[in-house]
Structures are given as C-alpha cells and as structure tokens.
Amino acid sequence: MTEHELRIPKLGVTMEEGQITEWLCSDGDIVEAGQPVYTIATDKSETEIESPAAGRITVIGEVEKDYKVGTLVATVASP
C-alpha cells in the first residue's frame, strides 16, 4: 500500500498560509486521482485542491483553521 500526502500548497510567491474552507469528501471516502477533495482560501483567492492518487482518504486538517504552507492535511492510501 502506498500513502500519498496532501499538504497545504504554495499557491503564490508570497503565500505563507492558507485556510481550509471546505472538505469536498469525508474521512474514509474512496477518491479518484484528480478529484477535488478540499478548497483552500488565501488572502487572494479560493482554490480547489485535487487528490494526487486514487484511494481511501484520511482527513487530518480542520475547516476554518489556518495552516502554514507544507502542513500535512490529509493522506490518500492506494492499494
């Protein structure tokens, strides 16, 4: 089994943190590669973040909480 990490991405040169505004799936759901799984808000925009792989998602990050770029917010376990 392979575990893929979803971290808060750096969406701009000056971005230091972002806030998860919504999970588009639930903890334990099966997701597909490229499927949007959460939205993140920065001071300039709101962006959907996609799953890097197909598998079962484990949600770690919380909605309406600020996270520094690079913080682990979910994993996707692929068989």
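To start, this report covers the structure provided alongside it.

Scoring rules and cut-offs
- Residues numbered from 1 in each chain as written.
- Predicted model: local features only at pLDDT ≥ 70, side-chain atom pairs only at ≥ 80, totals over all residues.
- Heavy atoms only, no water.
- Phe/Tyr/Trp six-rings, centres within 6.5 Å; stacked < 30°, edge-to-face > 60°.
- Helix = DSSP H or I, 4+ residues; strand = E, 2+ residues; numbered from the N terminus.
- Buried < 20%, exposed > 50% of the residue type's maximum accessible area, 1.4 Å probe, protein only.
- Pairing = 2+ DSSP bridges.
- Contact = heavy atoms within 4.5 Å.
- Polar contact = N/O pair within 3.5 Å; in protein donor to acceptor, adjacent residues only side chain to side chain.

Another aspect to go through is the packing of aromatic side chains. Counting across every chain of the model gives one aromatic pair. Between the aromatic rings of Trp23 and Tyr38, the centroid separation amounts to 5.0 Å while the plane-to-plane angle is 45°, which identifies the pairing as tilted. Of this pair, Trp23 sits in strand S2 (residues 17–23) while Tyr38 sits in strand S4 (residues 36–41), and the two are 15 residues apart along the sequence. Of the two residues, Trp23 and Tyr38, both sit in the buried class.

Now for the sheet that holds strand S8 (residues 72–78). The strand order S1-S8-S6-S3 describes an open sheet built from four strands, whose pairing is antiparallel. Each end of this open sheet is capped by a strand with a single partner; those strands are strand S1 (2–7) and strand S3 (30–31). The pairing of strand S6 (residues 55–59) with S8 spans four bridges and is classified as antiparallel. Among the inter-strand pairings, Val59 is bridged to a residue of S8, identified as Ala74.

Relative to the elements of secondary structure, Asp27 occurs in the loop between S2 and S3. Its relative accessible area of 53% is what places Asp27 among the exposed residues. A sequence separation of 46 residues divides Asp27 from Val73, and the C-alpha atoms of the two residues are 11 Å apart. Not counting chain neighbours up to four residues away, the residues in contact with Asp27 comprise Ile57, Thr58 and Val59. From its side chain, Asp27 meets the backbone nitrogen of Val59 in a polar contact 2.8 Å long.

None of this, on its own, says anything about what the molecule does.
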